[in-house]
Each structure stands twice: as structure tokens, then as C-alpha cells.
Amino acid sequence: MKFTSRLFGKPAWQNSDPDLRAQAVAESQDPELLGKLPDLAQHDESAAVRLNALRRINTEAFWLDARLRETDATIIESADDYLARAIMRKANPEMLKERLEWFARIDQHDLVRNAARHAPDEALRAAALDRIQAPGFLGDCYMREQSEELAARILGRIEQESTLQRIVDKLRKTNKKRARAAEQRLATIATASGQDGTVSQIAQRLVEQAESLSRGDVSGDRNHVLARLESEWRELQSVPEALERRFSGAVRIVRNSLNRPATPPPSTDPVDASVEPDELEPAPVDNKLSGLADRVRRQVERSGDYATDGQLLSDWDRAWNALEQPGAAELALREDLLPLLRRIQKRHEDSSKPATPKPAEAPTADTAALDRRLDEIGQMLEQGELVAAHDALREMRSTLDRLPGRQRPGQILGRHQRMEGRLKELRNWQHWSNNQVRDELIAQVEQLAESDQHPDAITSALKDARAEWQRLESLELFPGEKRRFAAPPGQWRRFQAGCKQAFEQARPFFEKRSEVKEQNLEVLNAFIDKGMQAAAVESPDSGELLGFLRKARQAIRRLDDLPPKVRGASAGRLKELMNRLSDRLDESYEQVELAKRRLVAEARELAHEKDLATAIDRAKALQARWQKTGSGRRRIEQQLWKEFREPIDPLFEQLDHRRQEKKQEDQEAVAELEALCRQAEEIAGLDDTELAEAEGRFRGLSDEWHARSQRPQGLNKRFSAAESKFSQRLADLQEQAREQANRALETLAAAIQSAWRQRVESDGSAPAVPGDLPPAEDDPLAMQLSAQLARVTDMEADTTELAQWAQQNAEAARQVAVEMEFLAGVDTPEADRQQRMDYQVKRLARQMSERGAQPDLATEFTALQERWYATFPQPPEVHDELAERIDKCRKVLQSMIG
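Residues numbered from 1 in each chain as written. Predicted model: local features only at pLDDT ≥ 70, side-chain atom pairs only at ≥ 80, totals over all residues. Heavy atoms only, no water.

Caption draft 1: Main features of the packing of aromatic side chains. Inspection of the entire model under this criterion finds 16 aromatic pairs. Look at W429 and W432: their rings are 5.7 Å apart centre to centre, the planes differ by 90°, and that puts the pair in the edge-to-face class. On the criterion of helical spacing, the pair formed by W429 and W432 is a turn pair, its members being 3 residues apart in helix α22 (residues 410–448). Ring centres of F822 and Y839 lie 5.6 Å apart, and the angle between their planes is 75°; this geometry places the pair in the edge-to-face category. Of the two residues, F822 is situated in helix α33 (residues 799–824) and Y839 in helix α34 (residues 833–849); the sequence distance between them amounts to 17 residues. For F822, a relative accessible area of 25% translates into the label partly exposed. Among the aromatic side chains, those forming a connected cluster through ring pairs are F698, W705, F719 and F726. One cation-aromatic arrangement involves R113 over F137; the distance from NZ or CZ to the ring centre is 4.6 Å. (Phe/Tyr/Trp six-rings, centres within 6.5 Å; stacked < 30°, edge-to-face > 60°. Helix = DSSP H or I, 4+ residues; strand = E, 2+ residues; numbered from the N terminus. Buried < 20%, exposed > 50% of the residue type's maximum accessible area, 1.4 Å probe, protein only. Lys NZ or Arg CZ within 6 Å of the ring centre and 35° of its normal.)

This is the structure:
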């Protein structure tokens, strides 16, 4: 530690207060601090201190390290700002890997696009371009990209035809190689989608090049150019017939010029092929040439007036060179005037000499150079480059004319004239061949008027015919010629008449279609205005914009439905609309993708959630938010969806596993319930002898059944049915037992009454007792009746006591009859009504005193029957009446009890 530190304490940048420490790191110039800045930038516990240390160091390596390591938002933002400027300043191969890792974390739309345009590192540009899907922006990057490899990658990602066409139009003159690649890409997409518009454009370009080659407007090896054109032509598919015919015609002319025919043409004179043989008379001298001949004769006779000699000679040369094929009369006139022209030429040269003591030497002919030039011209003629050969011969004629007559090499003049003859010969061949083609065109046009073709087909055929006619004209007319037409007038008039007749047949259709096209134009303008308004909304609906974009693409493919004059402008407006829609869609898609990337990040945080139920609820909420976010670009959407599902699918797999376990448990529980149902059904189906003994078992099954939760409805019904069956059968058995017991009691009671009647009415003999009386082992009442029967049948018993006993029983039986009549609601005889009233009063008093313990009807009925059986024997004179009353009440009560 330094002495000052020991004397004054720690410096401020080592203070425990983070704020003081951060301020000192930002401002202090302590050398020790400067050496500690890297350590502070990486390890200080305060984010503010680390940020100030990074700002003091301010190097890309530290900022990259901090950006990839830090979690503080302020440091991350500052690092992004620095690195965004650093990657644009210069390339840094040593830190390219870290740059790419940082760039992968950036989601700033403007920064990504700026890097794609201007990043010095090719790898950074490639990474930025991989994150961009807008075809228009990719097209701009393709046109300015310096790397051919990266440009090829960009082109392979562009699938929008309008963008590719824009690239072709802009690069056609500045970068033909890339324009050609874009054109091939466009043709590939058009062929794959079943469109032939782009193929037609490429075919049109090849036809124009072939026609230029046939006119000799192409420099270089014509055989090589022709081979290239034919190779590219063979690659095209579904070429329109008119373009096929034009290309074949141009190739035929080129091959004719390259392969000189063995036989001469029909005529070396430029005679109109439409003229009949009897009309071939010697043609008169050209009027202009004849007038110039008169001027030459007059000029020779003049003396001292030499100022117009040069102009006259120039006029004569132009008139002579303007002749396509001089006739016999022109040649004779030229031979006649040649001496006069030489005199005028010599006089003009003498008069133009400067008045110096030593006149300038006359130009001399460079025979070797002229020979070489004539060799080149001969090669042009052999290759069919007629235009270039014509211009070269004219240039050499001027060169020779400028030489003095004596210095003009005769050999050069002879070769020059022979080459001019060869040029005219080839032109005659071309003229004769083209006239045959013109006759074919006239025949085709004349047939159109009589055909039943669609008007569009007629118009297309007329256009092709006129284009072919103009192409033939362009092949025959050379630059600088005064004549305007190469075709014979007769052929031209026939061609025009045929075209007019065919067009008049289709005119009504075109007038109606023009009206329809005007209506289509109004609809299109309204659509474009509406689309522009939708694109100008601050928060547009991506679905609506996508609908407009699709319709715009359809509309730009149907520009033929519009008036021809506005197709270009309408196409421009549609392209502007599509570009605007594409930009807004790109913005919308990028916002959606950014939101979904955030959802992916939230989904990844679910891996840290320990509670599965909470994690599932959060995952469902994220899925709902995903659906509400909207849709982005399909390729990125699928990738993001895959990343989104990656942390969520394991959660639902766990949930499914738990559900399977729960399902297995439920199935096992159902199997146990089914077993209980089968046992209950088996018990309910036992024999009557075993049913009563199984009551305890069934009650145990019932308790176990009702203790189970989540019982299926079907099994509930099965068990309830078994339980109902068991209960009903058990009740039936009990009822049968009761009925049997009642019948036994009735039998005993009847036996008692019968025995008492016999004893009362007999002369002392013992009463007869039935031998089939039921046993009375378990029923106390039956045992009591058996005892009463034994008492009645005991002959040692006192009859008087028995009579008193019977009379007491009669009073008790009458009371039972009264109570049973009250209970059944049956009228009581007049003699016993007071007794019934007394019973009602007692019963009411008992009910009022015993409010909560009132027996039910069945219980009272059973108790009354038992009391009735206990009243036997009864005096014979009252038994029948009482028995009848009891039976009547018994029927009523049994019907009431059910």
C-alpha cells in the first residue's frame, strides 16, 4: 500500500459506497486505478462501477465480453450501442466469432438491416441477411453486394417475381452477369409456377440478338455467337410460335451468309420480284443522276469559275453511292462522264493548292494497309456482317476518292469494286429470300379474314406478321440509305389490304372490349386507392394487407384487361402498392416474430417451475397468447413454433403420464367395482333357501360399494338393479313367511274356536283336534295359542271357568274389532259406537301425550291381529259376528298397507 494510502485512508475508487466508487472510476486519473480498470469492469459487484470502467477502457474486446456475460440492462444497452458502431467501422477477423455470437442476440430491426447493407465483415452481412425475409430488401442487397458468393445466396432466397424483374431491369446495363442470373432465376420460378411471361421475355431478347447478328451488328466470332444463341434457345420451353418463327428466320439468314451458296441467285440486278417477265425492259437513268450529268457538262465548259467543283463532285459521289444496283444506262452514263469528272477533279485539286513556294505533298496510298482493310471487309462479307461491310466499303471509297487519280492503286480499286459487287450479290440473295417470306406472310394474313378464329388470335397473328415484316425490312435497309422500304410496293399493298380486312372483322369485339377495359381500369384505381389507405393505417391488420397483396399480384398478371395506354402506369402503381404492402407486412411480421421470441423465452423459463400444475397453467396461458399474437412468415413461424414447443412438450408429456397412471388406477377401481357388481348379482340370484342367509354378505357388499367414490353410472345402475332385486326377493320371502305365520295362527285360532264349540255343544266327550296343526316352536303367539288349545281340549279343566274365560275373551275381541274399524275407517255397529267413541277419546289423549312416538299403520295392524288371536276361544254366539267384522277391516287395512 502506498504511503499516501496509509496516511489518508483508501482512495475513493476503493470506497465501500458504490455511488462514490462509481464516480471515482469515471473521473479519477489515479494510475493505480487505470491499471485496475479491467478487473473492475469484470468483477466489481456494482453495475454502475462496471459500466464506468468499461466506458473508460472503451475497447471492442471488453464491450463484447461484457455484452456476452452481463445481465444488467444498462450495461447491455451501452454495449449494444458501442458494438453497433464498431461493426460498421471496419472488419475484425480476430473477433468475428464473438461478433457473430453478439449479433445473434440482437433483435433490433434497423440494426439488422443496416448490417445487411453496410457491415464490412461478409459473415456479419450473411448473418444479417439470414434474418431478413423481405424480398424487396433482399433484392436491394443483391444489387449492391460485393461478394459474388453471398449475392448468389441472396438470389436463391428471392422468390417474388416483381423483385426479380426489378433487379433485371436495373442491372441489365451495369452488371450483366447478375442480371443474367436474376433472369434465369425468374425463368425458373415462372416455369415452376406455370407462367410463360418471363420465358417470352427471354425469348424476345434472344430473337433480337439473332436478328442483330443477321444484320451484322455484332462484333466478334459470329459462329461462336450463333452457337451460344442456339444453346440458350434450346433451354427455353413453351416459346410462342411467332418468336420461334422469327428466331428460325434470323438463324437461317446467318447460316446462309456463313455458308456461301454454290449457285448464283436468280438475278444480280435489284429487280422487283413482283414484276412480270414481260415488264423487264431497260430501266431509264435515275433522274437525279441525269441532272447531275448535265451540271457536270456545263461545269466543264466554264472558265475561271471553279468554286463549285468540289460541291459538284460530292453531289455526284452521293448520288452514285445511293444507287442500290446501277443499271446498264447508269454505267454507260458514268463511263461517258468519267473523263469530264477527272478534269473537274484535277482542276479542283489545282485550285485548292496553297500559294506557298513549296506546295504540300499530295497524300500517298498505303497499299499494305488498304489490302489488310480489304481482307477484313472480305471476312465480314463471308461471315454475313453486311452492315459492317457496307460501312467499311463506303469508308474505303471515301479514302480512295481523296487520293489523286494516279496514286490510286488499281489492284485496290479492283478488289474494292469486286467486294461491292459481292455485297450487292448477298443483298440480292437476302432480298429474294425475304420476298418469299413476305409472300408467305401475305397468304397467312389473307386467310385470317376467312377464318373463325377468336379476335385476339387474329390480332396476335397480325402483330406477329407485322413484326416479321418490319424485321425483314430492318434486315435489308442499311444505315445512311435514302430509301425507306425494301419490300416491293405490290407486296406491301397486298399485305396492308389483308391486314385491314382481317382487322375489320374483329373491330366490333375490340370496341366492346375497350369499354370493358375502361371499367376494369376504374375498378383497379379504386382498389389501389383502398390498398394505399389500408397500408397507411398506423396499426394495420396483417390479414387485410396480405389479402390486398395477393389481389395486387393477381392484378399485375392481368394487365391485359386494361387499356394499353395505361398499362405501364397501372403496373407502376401496382408495384408501388405491392412494395408498400410488403414493407408494412414485413414490419408487422417482425413485430409478431419479436413477440413470439419473447414467448419462447418465457416458455423456456417453465423448466424452472417445480409445480407441474402451475407450469401447465402457465404453458396454456402462453399458448393462448401465442394464438392471439398472430401469424408471421411461414418459415420463421415454423422455426419459432418448434422452439416454443421444445420446453412445453415435456410438461404435457408429464401430465399425460400422470393421466395414464390415474387412468390405470381408475381402470383398476372400475375392475374392483365390477367385481362387487358381479358378487351382488350372484347373491341376488341365489335360491330362496340361501337368500336369507346371504343378507349379511350383501349388506357388507353394499357398505363397501357406497364407500367407493367416483362410481361409473353404468356400474351404479347394475349394482342398484342387483340391490333392488335382492331387497325385493328378501321382502317377498319375508312376506311369504309372514303369510305362512298368519295362516298358522289362523289355523290354531280356528282349531281353538272349533274345540270350544265342540266342548260347549257336546255331551262331555273330548273335542276332536286336527292332526296337521303347524308347529309353534319359534313364534311366541303360536305357542300361546297352542297352550290355549291344550287348555280347551283338557277334559279335566272346569267348563264354567272356561266359559268365563271365553266371555272375557269376547269383550277383548269386541274392543279389538272397534279399534280395527276405527283404524280402517269402517262403520261400527250401533251397539258398539259408544265404545268406539270412548276409544277415540283415549287414543287422542295418548297421541297428545306421546307426540313423538306414534306407530305406523302396519305396526298397529299387526298388533291388533296379535290381540285378536289372543282372544280365542270366544263364545260361539258372538264369534261369527266379530270374525266377520275383523275380516272386513283386515281386507281394508291390507289394501291400505299394500
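Caption draft 2: Structural context of the packing of helix α10 (residues 135–144) against helix α12 (residues 161–171). Closest axis-to-axis distance for the α10/α12 pair is 9 Å, and the angle between their directions is 25°. As judged from the angle between their axes, α10 and α12 are roughly parallel. Crossing handedness for the pair α10 and α12: right-handed. Across the interface between the two elements, P135, G136, G139, D140, Y142 and M143 of α10 pack against T163, R166, I167, K170 and L171 of α12. Tallied by class, the residues present in the contact of α10 with α12 amount to 5 nonpolar, 3 polar and 3 charged. (Axes fitted to C-alpha atoms, helices over the stretch in contact; angles between N-to-C directions. Parallel < 35°, antiparallel > 145°, perpendicular 65-115°, else oblique. Left-handed = near helix turned anticlockwise from the far one by under 90°. Contact = heavy atoms within 4.5 Å. Nonpolar A, V, L, I, M, F, W, Y, C, P; charged D, E, K, R; others polar.)

Caption draft 3: Region of interest: the pattern of salt bridges. Here the structure, examined in full by the defined rule, presents 49 salt bridges. For E70, the salt bridge goes to R50, with nearest N and O atoms at 2.6 Å. Of the two residues, E70 is situated in the loop between α5 (60–69) and α6 (73–89) and R50 in helix α4 (residues 47–57); the sequence distance between them amounts to 20 residues. Of the two residues, E70 and R50, neither departs from the other in class, the shared state being buried. With its nearest N and O atoms 3.7 Å apart, the salt bridge here joins R105 to E101. On the accessibility criterion, E101 (37% relative accessible area) is partly exposed. Through salt bridges with shared partners, a single ionic network connects R814, E821, D832, E881 and R885. (Salt bridge = Lys/Arg side-chain N within 4 Å of Asp/Glu carboxyl O.)

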